[in-house]
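So you can see what is in the structure, the chains are spelled out below.
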Amino acid sequence: MRRVTPVLGAEIEGVDLGAVDDDDLRMIHGALIKHGVVFFRNQDISMESQVALGAWFGELVVHPNDPGVEGHPEVMIIHADELSKRVAGETWHSDVSCDPEPPMGSILRIHTLPETGGDTLFASMYAAYDALSPVVQTFLKGPTAIHDGAPYYRSVNARIGRDDGGRDYPRAEHPVIRTHPESGREGLFVNEMFTTEIVGLEKAESDALLRFLFEHIRRPEFQLRFRWGRNSIAFWDNRCVQHQAIWDYWPQTRSGYRVTIRGDRPV
Ligand code: SIN
């Protein structure tokens, strides 16, 4: 296993994700908890194998704004080409944090790549929390924040001309600082895609604090930048890591499949 940065990520070699046993899966689970995101190269696995892999870690969830693969609604298609008007995940986020029980993790395999570009950024929310002063850390342990899916998902639908039929989107209140249920570590749990307000503050205070936190989260020393190869797989822990997809390859094509694993209520 090769660590990627001192705070985040590890690349795991010598595992075929299409033929894993329980020992492999326990090793991957341990690495995920320790490093926040793990990467695998050259994994030409079927969608069924990817579903089985995800299902070992927990129940797979259907995305609230994405229909998924026909017959496999739990498999999300990540795709962009010359006709695309947007790509998934272009803003820093933790997947579907607007859900009352946001996903614990997501597993993405990219099978089609542009010649260059299409990297993904990941950032450690433990590192972001640890870098705050003790006074701010203590303050942020008090309030909760609203994570609302509607503004983001409706803006996506408007951009691509998709009628959402007036449906409701998840909305939840989560602690600003979250304790990871498995590592016990504390991390920042607000993100630019879904967090709309910090509860109990005046609007101007909440806006200013969120602006500061969204800016803070972008610091390069919390991040890594993953350069995908054909059939690379990334498995990230949404409870302590945020990510952002970079759309710098238009009009080229980038495609893959993602499965998303149910998590628990943040505390
Ligand atoms: C996402 O799941 O947010 C998309 C990430 C990517 O395409 O790299």
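The preceding data block contains the structure.
Reading the values: the criteria
Residues numbered from 1 in each chain as written. Predicted model: local features only at pLDDT ≥ 70, side-chain atom pairs only at ≥ 80, totals over all residues. Heavy atoms only, no water. Core = buried A, V, L, I, M, F, W, Y, C linked by side-chain atoms within 4.5 Å. Buried < 20%, exposed > 50% of the residue type's maximum accessible area, 1.4 Å probe, protein only. Helix = DSSP H or I, 4+ residues; strand = E, 2+ residues; numbered from the N terminus. Pairing = 2+ DSSP bridges. Axes fitted to C-alpha atoms, helices over the stretch in contact; angles between N-to-C directions. Near = heavy atom within 4 Å. Polar contact = N/O pair within 3.5 Å; in protein donor to acceptor, adjacent residues only side chain to side chain. Areas by Shrake-Rupley, 256 points an atom, 1.4 Å probe, with all protein chains shown as cover. Nonpolar A, V, L, I, M, F, W, Y, C, P; charged D, E, K, R; others polar.

Some details on the nonpolar core
By size, the foremost hydrophobic cluster in this structure holds 24 residues, and its most contacted members are Leu17, Ile28, Val38 and Phe235. At the level of secondary structure, the elements contributing two or more residues to this core comprise α1 (22-35), β3 (37-40), α2 (47-57), β13 (232-237) and β15 (254-261). Counting 21 residues, the second-largest nonpolar core is a separate cluster that includes Trp92, Ala145, Val176 and Phe214.

What to know about the sheet that holds strand β12 (residues 223-226)
Strand order in this open sheet of three strands is β12-β6-β14, and the pairing throughout is antiparallel. The open sheet has two edge strands with one neighbour each: β12 and β14 (241-245). This sheet shows a mean twist of 20° between the axes of neighbouring strands, independent of strand direction.

Focus on the pairing of β15
Most of β15 sits out of view: seven of its eight residues are buried. Across six bridges, strand β4 (residues 75-80) lies against β15 in antiparallel orientation. Looking at the pairing, isoleucine 77 lines up with tyrosine 257 of β15. In this structure, strand β5 (residues 105-112) lies alongside β15, joined through seven bridges in antiparallel fashion. Of the residues in β15, the one forming a bridge with glycine 105 is isoleucine 261.

Re the site of the ligand
Every residue close to the ligand is listed here: Ile78, Ala88, Gly89, His93, Leu108, Thr120, Trp236, His243, Ala245, Arg254 and Arg258. Between the ligand and the protein, one listed contact pairs an oxygen atom with a side-chain N or O atom of histidine 93 at 3.1 Å. Residue histidine 243 places a side-chain N or O atom 3.0 Å away from an oxygen atom belonging to the ligand. Protein burial of the ligand: of its 260 Å² of free accessible surface, 99% is covered by the chains. Those elements that place two or more of their residues in the shell around the ligand are β14 and β15. Partitioning the shell around the ligand into residue classes produces five nonpolar, four polar and two charged.

Brief notes about the sheet that holds strand β11 (residues 195-198)
Taking strand neighbours across the sheet as the criterion, the three strands line up as β8-β7-β11 in an open arrangement whose pairing is antiparallel. The outermost strands of the open sheet, each flanked by one partner alone, are β8 (171-175) and β11. Averaged over all pairs of adjacent strands, the angle between strand axes in this sheet comes to 25°, irrespective of strand direction. In terms of strand pairing, strand β7 (residues 144-148) meets β11 through three bridges, oriented antiparallel. Within β11, the position partnered with histidine 147 by the bridge is threonine 195.

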